[in-house]
Amino acid sequence: TCTLGNQKTAKHRILAVGNSSAAAFVPAFDDIVRHDEYAVTITAAWSASPLGGIPNHSEWSRANDYYWQHVVPPLIATLKPGDWVFLMSDLTDFSPQSPTLGSAYNLRRFEDGLTALARDLQSKRIRLAVLHGLPFMHEAICTPAMAAPQWFAPFGRPCTLYSKGETLTRRNGLHDMLIKLQNRGYLTVVDLMPVFCADEVCGYYSHDGIPLYRDEWGHTSVEAARLSGRLIRAHLAATEQSS
């Protein structure tokens, strides 16, 4: 009941897993289902770690353990050669404002987990995609409504927004790790920064006024998810053509 398209007759299947960020991207898969003969199963667990084995200290830690131990593995087992596992979680924890020895260790642990998962999937001829880090909107101390330009505040309300340069610099460590694994053939990096930060400042709205987020936590809006669909299709298609 969480699948878009026909899983039995689809050319390929995508299993999207992650935290609430994954659920927000449901509309991004409309066209790949309609036009590319894919079936997409989308699952999510509130505040889940981006991978099993990554420590989870939230109040939903038991749900996280259940998700990675008893939900995700049986779903992966239904995939066939040429199918995809798509990790779609908020990766902010791996791009801290002030890196420390602890954050460097966490990033290495994430890299080790991705490598192990990729190797396991490759043995089954299943591909792995990872959603790259998005702008740090949940740190903006703002809401979409507060950020919208008004006649009495034509430049928007006071929100703590990062420039594109600051955003890319902050996620450099994560970026370098993901690109390294991509270059080694382990995974495909899906970077949606052209959608979510096309201008000099990463804000709540695109330059033509499209809302990019639905809440103060940085969950993608329906409109932004649909805009993301084109890039997601392009990333996946490029990997399939080169393999």
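All figures in this text were calculated on a predicted structure; none of them were measured in a lab.

## Side note on the overall build of the protein
Within the protein one finds 9 helices and 6 strands. In terms of overall size, the protein behaves like a compact globule, its C-alpha atoms giving a radius of gyration of 18 Å where 243 residues would be expected to give roughly 18 Å. Seen through its C-alpha atoms, the protein measures out along the principal axes to roughly 55 × 45 × 35 Å. Counting the 243 residues in the protein, one finds 48% classified as buried. Intrachain contacts of the protein at a sequence separation of at least 6 include 75% that bridge at least 24 residues. Accessible area for the protein stands at about 12400 Å²; split by element, carbon and sulfur atoms hold 54% of it. Once the 22 positive and 23 negative side-chain charges of the protein are each reduced to a mean point, those two points are 7 Å apart.

## Regarding the layout of surface pockets
Of the voids in this model, the largest pocket is the one considered here, and its volume is about 920 Å³. Along the wall of the largest pocket there are 35 residues; nearest its centre are Asn-19, Ser-47, Ala-48, Asp-90 and Asp-93. Of all elements in the fold, only helix H1 (20–24) and helix H4 (101–123) reach the threshold of two or more residues within the lining of the largest pocket.

## Some points on the packing of aromatic side chains
In this description, an aromatic ring pair is defined by two values, namely the gap between the centres and the angle between the planes. Taken as a whole and assessed by the stated rule, the structure comprises 8 aromatic pairs. Ring geometry for Tyr-67 against Trp-68: centres 5.5 Å apart, planes inclined by 75 degrees, an arrangement best described as edge-to-face. Comparing Tyr-67 with Trp-68, the two get one shared label, buried. Feature note: the residues Phe-25, Phe-196, Tyr-204 and Tyr-213 constitute an aromatic cluster, connected by ring pairs. Above the plane of the ring of Phe-136 lies Arg-170, whose end atom (NZ or CZ) is 3.9 Å from the centre.

## Considerations on the state of the cysteines
Taken as a whole, this structure holds 2 disulfides when the rule is applied. What pairs with Cys-142 in a disulfide is Cys-159, and their sulfur atoms sit 2.0 Å apart. Here the residue Cys-142 occupies a position in the loop between strand E5 (127–131) and helix H5 (144–147), and Cys-159 occupies one in the loop between H5 and helix H6 (164–170), the gap between them amounting to 17 residues. The pair formed by Cys-142 and Cys-159 is uniform in burial state, with each residue classed as buried. Note that Cys-197 is cross-linked by a disulfide to Cys-202, the S-S spacing being 2.0 Å. The disulfide joining Cys-197 to Cys-202 has a torsion of about -85 degrees about its S-S bond and is therefore left-handed. No difference in accessibility class separates Cys-197 from Cys-202, as the two residues are buried. For the protein, the disulfide bridges join cysteines in the arrangement 1-2, 3-4, where the cysteines are counted in sequence order.

## Some thoughts on helix H9 (residues 222–242)
Compared with an ideal rise of 1.5 Å per residue, which puts 21 residues at 30 Å, H9 spans 31 Å between its outermost C-alpha atoms and is within 8% of the ideal. The complete set of buried residues in H9 reads Ala-224, Ala-225, Ser-228, Gly-229, Leu-231, Ile-232, Leu-236 and Thr-239.

The rules behind the values
Residues numbered from 1 in each chain as written. Predicted model: local features only at pLDDT ≥ 70, side-chain atom pairs only at ≥ 80, totals over all residues. Heavy atoms only, no water. Helix = DSSP H or I, 4+ residues; strand = E, 2+ residues; numbered from the N terminus. Rg over C-alpha atoms; globule rule 2.2 N^0.38 Å. Buried < 20%, exposed > 50% of the residue type's maximum accessible area, 1.4 Å probe, protein only. Contact = heavy atoms within 4.5 Å. Areas by Shrake-Rupley, 256 points an atom, 1.4 Å probe, with all protein chains shown as cover. Lys, Arg positive; Asp, Glu negative; His and termini not counted. Charge placed at Lys NZ, Arg CZ, Asp CG, Glu CD. 1 Å grid on protein atoms, 1.4 Å probe; cavity = no way out; pocket = protein on both sides within 12 Å on 5 of 7 lines; lining within 4 Å. Points joined across faces, edges and corners; volume = space filled by probe spheres on them. Phe/Tyr/Trp six-rings, centres within 6.5 Å; stacked < 30°, edge-to-face > 60°. Lys NZ or Arg CZ within 6 Å of the ring centre and 35° of its normal. Disulfide = S-S within 2.5 Å. Expected span 1.5 Å × (residues − 1).

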